[in-house]
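Observations on the model geometry
Below are the chains, spelled out letter by letter.
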Amino acid sequence: FQEMLDNLRAYVEEGGALYVTDWSHDFVEATFPEAIVFYEPVRSGTGTQTVTGDVISPMLETLLDSVTVGIYFNLGGWAVMTEVGPESTILIQGDVETSDGAIGDAPIAVHFDEPTGEGEIIYTSFSHIPAQVDQAKTIYHLLFQL
């Protein structure tokens, strides 16, 4: 496992780009612990909630023609972020419900520039292409940005 994490870190340090979502948070947390702080227990986001996310990224705001976006979580147990490191940028944040209660302004989508190289990571708490047009546009934009 450690060899895999070392290879992943080397890939990003050498200019590689990753799009990581939801339950794959372990790869970000173990390889780049400085990028994102995850809520404990990590997989505590409750299901069947639509989070009105504040769009922080100017590019996403232009794409969506809005300062908010509805992010639909149809299943519980998704990974919740609480804050980001100095090399990370919050793209979308919002008030989320966890199994322990609400968290205000939780990051929902984050961009991380690896500081020693040219690589980058985009991490989102949502992980699938939903029927909601704006959420789908957001995912496609983030993927094609890499």
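Structure's up top.
Everything in this summary refers to the structure shown in the same document. (Residues numbered from 1 in each chain as written. Predicted model: local features only at pLDDT ≥ 70, side-chain atom pairs only at ≥ 80, totals over all residues. Heavy atoms only, no water.)

1. Some points on the environment of Gly101
As a reminder, the rule being used: A helix here means a DSSP run of H or I that spans at least four residues, while a strand means a run of E at least two residues long, and both kinds are numbered starting from the N terminus. The buried label applies to any residue whose accessible area, calculated with a 1.4 Å probe on protein chains only, is under 20% of its type's maximum; exposed applies above 50%, and partly exposed to all values in between.
Looking at the element boundaries, Gly101 is found in strand β7 (residues 101-113). In this structure Gly101 comes out as partly exposed when scored by relative accessible area, which is 26%. Linking Gly101 and Ser44, residues 57 residues apart in sequence, is a C-alpha distance of 9.6 Å.

2. Remarks on the pattern of salt bridges
Spelled out, the test is: By convention in these notes, a salt bridge is any Lys or Arg side-chain nitrogen within 4 Å of a carboxyl oxygen on Asp or Glu.
Taken as a whole and judged by the stated rule, the model has four salt bridges. Note that Arg9 is salt-bridged to Glu34, the shortest N-O span being 3.0 Å. With Arg9 in helix α1 (residues 2-13) and Glu34 in the loop between α2 (25-31) and β2 (36-38), the pair connects residues that are 25 residues apart, well separated along the chain. The salt bridge partner of Arg9 is Glu114, with a shortest N-O separation of 3.9 Å. You can see Arg9 sitting in helix α1 and its partner Glu114 sitting in the loop between β7 and β8 (120-124), a full 105 residues away along the chain. Among the charged side chains, a salt-bridge network with shared partners connects Arg9, Glu13, Glu34 and Glu114.

3. What to know about a negative patch on the surface
Here is the rule we go by: Residues forming no salt bridge and having over 30% relative accessible area are the ones grouped into patches, like charges within 9 Å of each other and nonpolar side chains (Val, Leu, Ile, Met, Phe, Trp, Tyr) within 5 Å. Residue exposure ignores everything except the shown protein chains as possible cover, and the areas themselves are Shrake-Rupley values with a 1.4 Å probe. His is not counted here, nor are the chain ends, while Lys and Arg score as positive and Asp and Glu score as negative. The location of each charge is read from NZ of Lys, CZ of Arg, CG of Asp or CD of Glu.
On the surface, Asp54, Asp95, Glu97 and Asp105 cluster together into a negatively charged patch. Inspection of the secondary structure assignment puts Asp105 in strand β7.

4. Side note on the environment of Phe73
As for its placement among the helices and strands, Phe73 is situated in strand β4 (residues 68-73). Along the sequence, Phe73 and Thr48 sit 25 residues apart, while their C-alpha atoms lie 5.5 Å from each other.

5. Side note on the packing of aromatic side chains
Put simply, the rule reads: Aromatic pairs are defined between Phe, Tyr and Trp rings, using the six-membered ring for Trp, whenever the two ring centres lie within 6.5 Å; interplanar angles under 30 degrees are classed as stacked, those over 60 as edge-to-face, and all others as tilted. Here, a charge over a ring means that NZ of Lys or CZ of Arg falls within 6 Å of the ring centre while also lying within 35 degrees of the ring normal.
Inspection of every chain in the model, using the stated rule, returns three aromatic pairs. Measuring from centroid to centroid gives 5.4 Å for Phe38 and Tyr123, while their planes differ by 85°, and the two rings are edge-to-face. Of this pair, Phe38 sits in strand β2 while Tyr123 is found in strand β8, placing the two residues 85 residues apart along the sequence. Note on Tyr123: relative accessible area 0%, which makes it buried. One Lys or Arg, Arg43, reaches over the ring of Trp23 and ends 4.0 Å from the middle of that ring.

6. Some details on the sheet that holds β4
Formally: By this definition, two strands are paired if DSSP reports at least two bridges between them. All axes are obtained by fitting lines to C-alpha atoms, using only the stretch in contact for helices, and the reported angles, taken between N-to-C directions, cover 0 to 180 degrees. We call two residues in contact whenever any of their non-hydrogen atoms come within 4.5 Å of each other.
Ordered by their spatial adjacency, six strands build an open sheet running β1-β8-β7-β6-β3-β4, and the pairing between neighbours is mixed. At either margin of the open sheet sits one strand with a lone partner, and together these are β1 (17-21) and β4. Averaged over all neighbouring strand pairs, the angle between strand axes comes to 25°, with direction disregarded. With five bridges joining them, β1 and β8 adopt parallel strand pairing. Within β8, the position partnered with Ala17 by the bridge is Glu120. Seen against the sheet, α1 touches β1 and β8 and runs at an angle of roughly 125° to β1.

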